[in-house]
Amino acid sequence: MRQDAMPPEVRSRLKQKIKREAAKLGINLTGFANVERWKEYHDLPEEFWPQTIWPWSRMVVVLGVQIYLPMLETTPSVVYSELYNTTNRMLDECAYQLANFLNQKGFRAHFFPRDCYGDISVLVKKPEAAFSHVMAGRYAGLGTIGMNHTLLTRQYGPRVRLVSVITDAEVHPDPVLTEDICIRCGQCAKRCPMRAFAPDGGPVYAMDKHRCAGYHQRLKNEFRYPCGLCTAVCPVGEDRKRYGASSVTEAGIAHCQNFGSRNAVE
Ligand code: SF4
Ligand code: SF4
């Protein structure tokens, strides 16, 4: 159906169908942003806007899956590393299938893969990706940006991984959250092993991305990439309430960090 001929109730039904399809695929969070929001908020250079790259794009559907807190809390470990890889595979597959679903309904659609920086060795030299799913998540109403530069959601705090489907299917966008979810407790900065964060009076910490990426390179060589401690310690999120202050014992952390990961190269 032509976009300009799509009545509001049809748009609304289409949005519900997309949400149902995403939920069937195992997606935990789905949000909708119109591409105008990249221009309206102007957080990113124009070359990073979806409509600059694909001029026909009208909406970005942002999909999120949760990071299981008990696995993340063992980081850096082979346990979290495998979880990270699993969420990445799942996100790309779900985004592929959702884009396919939209194609079959006659819309243009494809996805921006979840990382888009090639390899950690590239990130060490140039610490940015081709697309910010974090910013897309904010524009799609899924959360707000925390002091630690991640997307903080009410459901999972920053423990969510994201991917974005780009489409010309125009549905009603979700409202951008106006109330800040970050409680500015400073735990992320305090617990960062690389001291990558520093207050500079801005809405987020100044971040030494090269330090963070350099540490990740080391962890990758030790088969226990990535770090993510600044997301593990964040007190925000319903998942945190479920597990309390800590979900894993100190002995358990040591076990997961030493088995099949760090010791493999010592
Ligand atoms: S740990 Fe605290 S300061 Fe850091 S992002 Fe979470 S709520 Fe914000
Ligand atoms: S991922 Fe690790 S090294 Fe990087 S900022 Fe977060 S806590 Fe620090």
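Everything in this summary refers to the structure shown in the same document. Predicted model only: the values in this text are computed from it and were never measured. (Residues numbered from 1 in each chain as written. Chains lettered and ligands numbered in written order. Predicted model: local features only at pLDDT ≥ 70, side-chain atom pairs only at ≥ 80, totals over all residues. Heavy atoms only, no water.)

Quick look at helix α1 (residues 8–24)
Here is step 1: For α1, which comprises 17 residues, the first-to-last C-alpha distance of 24 Å matches the rise-based estimate of 24 Å (1.5 Å per residue) to within 8%.
Here is step 2: For α1, the full list of buried residues reads Val10, Arg11, Leu14, Lys15, Ile18 and Ala22. Burial along α1 is one-sided: seen end-on, the buried residues are contained in an arc of 140°. Across from the buried face of α1, at angles greater than 90 degrees, the exposed residues are Arg20 and Lys24.
Here is step 3: Tucked into the core, α1 has its buried residues touching β1 (29–34), β2 (59–66) and α5 (78–104).
Here is step 4: Phi for Gly26, located one or two positions after α1, is positive at around 100°. (Helix = DSSP H or I, 4+ residues; strand = E, 2+ residues; numbered from the N terminus. Expected span 1.5 Å × (residues − 1). Buried < 20%, exposed > 50% of the residue type's maximum accessible area, 1.4 Å probe, protein only. Arc of directions from axis to C-beta. Contact = heavy atoms within 4.5 Å.)

Structural notes on the pairing of strand β6 (residues 160–167)
Here is step 1: Taken across its eight residues, β6 has eight buried, putting it largely inside the fold.
Here is step 2: Here β6 shows a buried face lined by Val160, Leu162, Ser164 and Ile166 and a second buried face lined by Arg161, Val163, Val165 and Thr167.
Here is step 3: Here β2 runs beside β6; their pairing, made up of eight bridges, is antiparallel. In the sheet register, Val60 faces β6, and the bridge partner there is Ile166. (Pairing = 2+ DSSP bridges.)

Describing the packing of α1 against α5
Here is step 1: Packing of α1 against α5 brings their axes to within 10 Å, and their N-to-C directions diverge by 145°. Remark: the crossing between α1 and α5 carries right-handed chirality. Across from Lys17, Ile18, Glu21 and Ala22 in α1, the residues of α5 making contact are Leu98, Phe101 and Leu102.
Here is step 2: Here the residues of the contact of α1 with α5 are counted per class, giving five nonpolar, no polar and two charged. (Axes fitted to C-alpha atoms, helices over the stretch in contact; angles between N-to-C directions. Left-handed = near helix turned anticlockwise from the far one by under 90°. Nonpolar A, V, L, I, M, F, W, Y, C, P; charged D, E, K, R; others polar.)

Quick word on the site of ligand 1
Here is step 1: Taken together, Met147, Asn148, Cys182, Ile183, Arg184, Cys185, Gly186, Gln187, Cys188, Cys234, Pro235 and Val236 make up the full set of residues adjacent to ligand 1.
Here is step 2: Of all the cavities here, the one that holds ligand 1 is the largest cavity. (Near = heavy atom within 4 Å. 1 Å grid on protein atoms, 1.4 Å probe; cavity = no way out; pocket = protein on both sides within 12 Å on 5 of 7 lines; lining within 4 Å. Sits in = over half its atoms within 2 Å of the grid points.)

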